[in-house]
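Spelled out from the first residue to the last, the chains are:
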Amino acid sequence: MTTDFTATRAMFHLPEGMIYLDGNSLGPLPRAAAERVARTVTEEWGEMLITGWNRAGWMDQPARIGDRIARLIGAPAGSVVMGDTLSIKVYQALASALELNPARRVVLSDTGNFPSDLYIAEGLLRTLGADYTLRTVAPEDVADAIDDTTAVLMLTEVDYRTGRRHDMAALTALAHEAGALTLWDLAHSAGAVPLDLVGAGADFAVGCTYKYLNSGPGGPAFIYVSEQLAGLARPALSGWLGHEAPFAFDPDYRPGRGIERMRVGTPPILQLAALEAALDVWDIADIQDVRAKSIELSEAFITAVEAACPTLTLASPREAHERGSQVSFHHPEGYAIMQALIARGVIGDFRAPGILRFGFTPLYIGLDEVLRAAEILAEVMAGDLWNRPEYKARARVT
Ligand SMILES: Cc1ncc(COP(=O)(O)O)c(C=O)c1O
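These remarks concern the structure in this document.

Rules used in this analysis
Residues numbered from 1 in each chain as written. Predicted model: local features only at pLDDT ≥ 70, side-chain atom pairs only at ≥ 80, totals over all residues. Heavy atoms only, no water. Helix = DSSP H or I, 4+ residues; strand = E, 2+ residues; numbered from the N terminus. Contact = heavy atoms within 4.5 Å. Core = buried A, V, L, I, M, F, W, Y, C linked by side-chain atoms within 4.5 Å. Buried < 20%, exposed > 50% of the residue type's maximum accessible area, 1.4 Å probe, protein only. Pairing = 2+ DSSP bridges. Phe/Tyr/Trp six-rings, centres within 6.5 Å; stacked < 30°, edge-to-face > 60°.

**Quick notes on the environment of Gly 218**
Now for step 1: Here Gly 218 lies in the loop between β9 (204-207) and β10 (222-225).
Now for step 2: Considering only alpha carbons, one finds Gly 218 and Pro 332, 114 residues apart in sequence, at a separation of 31 Å.
Now for step 3: Leaving out residues up to four positions away in the same chain, Gly 218 has contacts with Tyr 210 and Gln 271.

Laid out in structure tokens, this is it:
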């Protein structure tokens, strides 16, 4: 292992006394991001005003940062661009993929996919016509469900609830054999597990940056289109910054070169500044090391929790290679248990109906904290410390 995890940890601000096992939902603040955003506000926005688009390179930022993300997901430079939210990027990628497979009408997904992806697909298909359908099957049945009606196979690589991982290369190969295109959501994968989009032959991929890439709340999403398709895909969200020459203000739309056409409107410069600084940690961290360490932490947590908490059942695959970088346990009172943990400084999250979800992020979390979190969970369970009315009152965000 070449990554110095003490050095990576020093790059983050972590609140005193907190064990943060939720970097799979919202990554912590990289110290450099706070400085970079402050500088962008005062030196660029403050002093340069509109000239910042050229002088500070704001206009190139979505592609420049896209190239840095590309390195983390096994994609070539010039194949990834930043912008918008992940939900918007799902829409864009799915619309383009469907248009590239015009004889087919079925989008195939799984019941474990993130609801927003399914809602976005439903909304898009409704506008395309009554003959378009979204078919969802259980995650383990996806391979058998791919057939010659499938237009697009749309999956989230790591299941947000259970952490179950799909085999991207195998499913993409099956989809291609059947004449379908693939769209992969990497929200719970990018920055957590090694990825090889080119090797897997993925057609489209999208992901967010506020989880394992630590860009902060509301950080922009990314979109990848394979080299073969980037010049063919026609954006349904054909905004001016995806135009070949935005500043020609041509009334007719002409798609931009390659991945640039997937840009829509004005990029979020302050959030991109935070992301650009957050990505610096990958200059000293190797994703293979991060994966190896995350497996070590996850395995230690599962062993400790199963030994001490017999009423919690593992909701993630037992085999480490079948999981992403999170571990989930099931309990009917999962919400109250998580609130009791949060009150004791262990932050994870709850996903309905009964999932306690813990993310393992070796860039800033070590074995001692993971074992301490398991001990606190054991205390909460053994003493029924969760069984209090204030832990059962549901907040808006869980
Ligand atoms: C797998 C997955 N897809 C899509 C989304 C939606 O992302 P956004 O809110 O950025 O549109 C999320 C959000 O957590 C997610 O986990």
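**Considerations on the nonpolar core**
Within soluble globular proteins, side chains that are nonpolar tend to cluster in buried spots.
Now for step 1: Core analysis: the largest hydrophobic core is formed by 85 residues, its most contacted members being Ile 73, Trp 282, Phe 301, Phe 358 and Leu 377.
Now for step 2: Apart from the residues lying within four places of it in its own chain, the contact partners of Phe 301 are Leu 21, Val 327, Phe 329, Phe 358, Phe 360, Val 370, Ala 373, Ala 374 and Leu 377.
Now for step 3: By size, the runner-up hydrophobic cluster in this structure holds 31 residues, among which are Ala 93, Ala 121, Leu 183 and Ala 187.

**Quick notes on the pairing of β10**
Now for step 1: Neither face of β10 is left uncovered, since the one carrying Phe 222 and Tyr 224 and the one carrying Ile 223 and Val 225 both have all their residues buried.
Now for step 2: Pairing geometry for strand β4 (residues 80-82) and β10, over three bridges, is antiparallel. Bridge pairing in β10 links Val 81 to Ile 223.
Now for step 3: Pairing between β9 and β10: four bridges, direction antiparallel. Bridged to Gly 207 within β10 is Phe 222.

**Describing the packing of aromatic side chains**
Here a ring pair, both rings aromatic, is described through the centre-centre distance and the interplanar angle of the planes.
Now for step 1: Applying the stated criterion across every chain, the model contains 10 aromatic pairs.
Now for step 2: With a centroid separation of 5.2 Å and 90° between ring planes, the pair formed by Trp 53 and Trp 58 is classed as edge-to-face.
Now for step 3: With centroids separated by 4.9 Å and ring planes inclined at 55°, the aromatic side chains of Phe 301 and Phe 358 adopt a geometry described as tilted. Of this pair, Phe 301 sits in helix α12 (residues 287-308) while Phe 358 sits in strand β15 (residues 355-359), and the two are 57 residues apart along the sequence. Like Phe 358, Phe 301 is buried.
Now for step 4: Put simply, the rings of Phe 301, Phe 329, Phe 358 and Phe 360 pair up and form one aromatic cluster.

**Looking at the environment of Thr 2**
Now for step 1: If you trace the backbone, Thr 2 turns up in the segment before α1 (5-9).
Now for step 2: A relative accessible area of 70% places Thr 2 in the exposed class.
Now for step 3: In this structure, the C-alpha to C-alpha distance between Thr 2 and Ala 304, residues 302 residues apart in sequence, is 27 Å.
Now for step 4: Leaving out residues up to four positions away in the same chain, Thr 2 has contacts with Asp 286 and Asp 289.

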